[in-house]
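Chain by chain, the residues:
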Amino acid sequence: MLKVKNKTTGVLLRAFAALLVFLAAFGPRAALAGETVQQLYQAGRYPEVIAALNGEQEKTGIESLYLGLSHLRTGNTMKAIEAWQGYVRLEQGSEGGRKISQYLTILLQQEAQRLAKERIQQEQSLSGKLDPKAIAVYPFSNKGTAAFAPLSRGLAAMIVTDLAQVKGLTVVERIQIQAILDELKLAKSGLVDPKSAPRIGKLVGAAKFTTGSFLDVDQKEIRLDAIVMQTESGKQVSATNSAGALDEFYKIEKALVFKLLCDLGYCPESLDSDTRKAVEMIHTKNLNAFQHYSQGLVDFDAEDYRAARRGFVLALEEDPAFELARKALLDTPIVRLKTSQIISGAEALGQGVKFDFPVEALVAAALPVQRTPAPVKPEISQQPPGITGAGLGTVEVQVQVNFPGVNIDE
């Protein structure tokens, strides 16, 4: 009798082991491919979708879309952001990729604001080491002509983009810094003083930070000053500056970036050729375009997305090759949306609904474009060869928008 029991147990164990092998190869995730994911989601079985699709394995676009939706449905915005970032990578350049990029912009901004509130409330109990590779870049303060004040955001955005090209550095995202500044009521002044600077660094977890100022002289020359400081000790690591003709602001910005990199231990000669080329890439040589882009960032931070898009469109009209402005335009939604509205739009995307609206028409309808002369008109042009006349001010950009059955709150 004992023999029979042992045999039966052995057979059961072998069968169970075979079942485990089968599930590993054809288990829940394999069963949740394509339309089945959609069906489970539509049935409200969000935890099952999450359980099957979570992990390190590669996902398809539809899997990433519904994984993000399931996380949103269960209240985990950060996980939804991670899933949709994967979707955007997979669907880069597609209608879905552009649409989810805009939704991500809203979610990232909302999450940055939530985290800023949370960290400030828990500031006294915050513990843990700061990331030694992380650096925060604060907006530069304007000490010159008032009309140039928006350049504070534009300069910071360019510097963040350039520093982020270096693999050894972790650069804090601009919207995270802005959320902390907003919560501390420092955004309106545009100033990060020596007392508040280390505090902001601790709140974003960066071991170092850089900030500075810019000053124009008679709207003909400009000087950038920057310092790098240790967050924990508040000690200054270095101070540097770069100056020159205002219409060569792009050269001055690059010179400052390379000085900052050297101060951080990444001098140009230590960078590989690809990284150095990426850092050296000029964002725009057109001062008017830079001013419009910077104003767009100011409006974006105020969540006035239509005005922000207008600024980015005008920047691209001045310089069609201005990729930072192009990306900002494509990533910026037309209006503010609630999470429920984002979910509705993403669900419609999963069902294949398409909506096409020309960007220029939307901007013109929302806010009349007033092209007032900029304070400075440098003799710099990045016009494509062979293009002249009235066609210079046109940028063809299309953004897909989908709000099925949604009442948009202005």
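Residues numbered from 1 in each chain as written. Predicted model: local features only at pLDDT ≥ 70, side-chain atom pairs only at ≥ 80, totals over all residues. Heavy atoms only, no water.

Some words on the overall build of the chain
- A tally of helices and strands in the chain yields 17 helices and 8 strands.
- Within the span of the chain, comprising 410 residues, buried residues form 46% of the whole.
- Sequence-distant contacts in the chain: of pairs separated by 6 or more residues, those separated by 24 or more amount to 68%.
- A total accessible area of about 21,000 Å² is found for the chain, and carbon and sulfur atoms account for 54% of it. (Helix = DSSP H or I, 4+ residues; strand = E, 2+ residues; numbered from the N terminus. Buried < 20%, exposed > 50% of the residue type's maximum accessible area, 1.4 Å probe, protein only. Contact = heavy atoms within 4.5 Å. Areas by Shrake-Rupley, 256 points an atom, 1.4 Å probe, with all protein chains shown as cover.)

Some remarks on the environment of Ala83
- Turning to its location among the elements, Ala83 is positioned in helix H6 (residues 77-90).
- Taking C-alpha positions, Ala83 is 9.7 Å from Gly61, a pair spaced 22 residues apart along the chain.
- Not counting residues within four places of it along the chain, the set of residues in contact with Ala83 comprises Ser64, Leu67 and Gly68.

Let's talk about the pairing of strand S6 (residues 236-245)
- Where strand S5 (residues 221-230) meets S6, 9 bridges bridge the pair, whose relative direction is antiparallel. In the strand pairing of S6, Arg223 is matched with Ala243. (Pairing = 2+ DSSP bridges.)

What to know about the packing of helix H5 (residues 61-73) against helix H16 (residues 339-350)
- Where H5 meets H16, the closest approach of the two axes is 10 Å, and the angle between their N-to-C directions is 155°. Taken together, the axes of H5 and H16 lie roughly antiparallel to each other. Between H5 and H16 the crossing geometry is left-handed. Contact with H5, carried on its side by Ile62, Leu65, Tyr66, Leu69, Leu72 and Arg73, involves Thr339, Ile342, Ile343, Ala346, Glu347, Leu349 and Gly350 of H16 and no other residues of that element.
- Tallied by class, the residues present in the contact of H5 with H16 amount to 9 nonpolar, 2 polar and 2 charged. (Axes fitted to C-alpha atoms, helices over the stretch in contact; angles between N-to-C directions. Parallel < 35°, antiparallel > 145°, perpendicular 65-115°, else oblique. Left-handed = near helix turned anticlockwise from the far one by under 90°. Nonpolar A, V, L, I, M, F, W, Y, C, P; charged D, E, K, R; others polar.)

As for the pattern of salt bridges
- Counting across every chain of the model gives 16 salt bridges.
- Across the pair Glu118 and Arg114 runs a salt bridge, and its minimum N-O distance is 2.9 Å. In this pair, Glu118 and Arg114 both sit in helix H7 (residues 95-121), 4 residues apart, roughly one turn of the helix.
- Between Asp331 and Lys327 there is a salt bridge, with the nearest N and O atoms lying 2.5 Å from each other. Residue Asp331 and its partner Lys327 are located together in helix H15 (residues 323-331), separated by 4 residues, close to a single helical turn.
- With relative accessibility at 18%, the residue Asp331 sits in the buried group.
- Of the residues examined, Lys327 reaches a relative accessible area of 55% and is grouped as exposed. (Salt bridge = Lys/Arg side-chain N within 4 Å of Asp/Glu carboxyl O.)

So, helix H14 (residues 305-318)
- Between its terminal C-alpha atoms H14 stretches 20 Å, which fits the 20 Å expected from 14 residues at 1.5 Å a residue.
- Counted residue by residue, H14 has 11 buried out of 14 residues, so it is predominantly covered.
- Of all the residues in H14, the buried ones are Tyr305, Ala307, Ala308, Arg309, Gly311, Phe312, Val313, Leu314, Ala315, Leu316 and Glu317. (Expected span 1.5 Å × (residues − 1).)

What about the nonpolar core?
- Of all hydrophobic cores here, the largest spans 80 residues; its most connected members are Leu65, Trp84, Ile100, Leu261, Tyr293 and Phe322.
- What Trp84 contacts, discounting residues up to four positions off in sequence, is Ser64, Leu65, Gly68, Leu69, Leu72, Ile100, Tyr103, Leu104, Leu107, Ile342 and Ala346.
- If you look at the next biggest cluster of nonpolar residues, it comprises 21 residues, including Tyr138, Ala179, Leu184 and Ala206. (Core = buried A, V, L, I, M, F, W, Y, C linked by side-chain atoms within 4.5 Å.)

A look at unusual backbone geometry
- We note that Asp218 has phi near 55°; this positive angle belongs to a residue other than glycine.
- Tracing the sequence through the fold places Asp218 in the loop between strand S4 (206-217) and S5.
- Asp218 gets classed as exposed once you look at its relative accessible area, which sits at 65%.
- Phi at Glu303 takes a positive value of approximately 60°, unusual for a residue other than glycine.
- Mapped onto the elements, Glu303 comes out in the loop between helix H13 (287-301) and H14.

Regarding the packing of aromatic side chains
- The tally for this structure, following the rule as stated, stands at 9 aromatic pairs.
- With a centroid separation of 5.2 Å and an interplanar angle of 20°, the aromatic rings of Tyr138 and Phe209 are classed as stacked. Of this pair, Tyr138 sits in the loop between strand S1 (131-137) and strand S2 (141-142) while Phe209 sits in strand S4, and the two are 71 residues apart along the sequence. Neither residue differs from the other here; Tyr138 and Phe209 are each classed as buried.
- In this structure an aromatic cluster arises from ring pairing among Tyr41, Tyr46 and Tyr66. (Phe/Tyr/Trp six-rings, centres within 6.5 Å; stacked < 30°, edge-to-face > 60°.)

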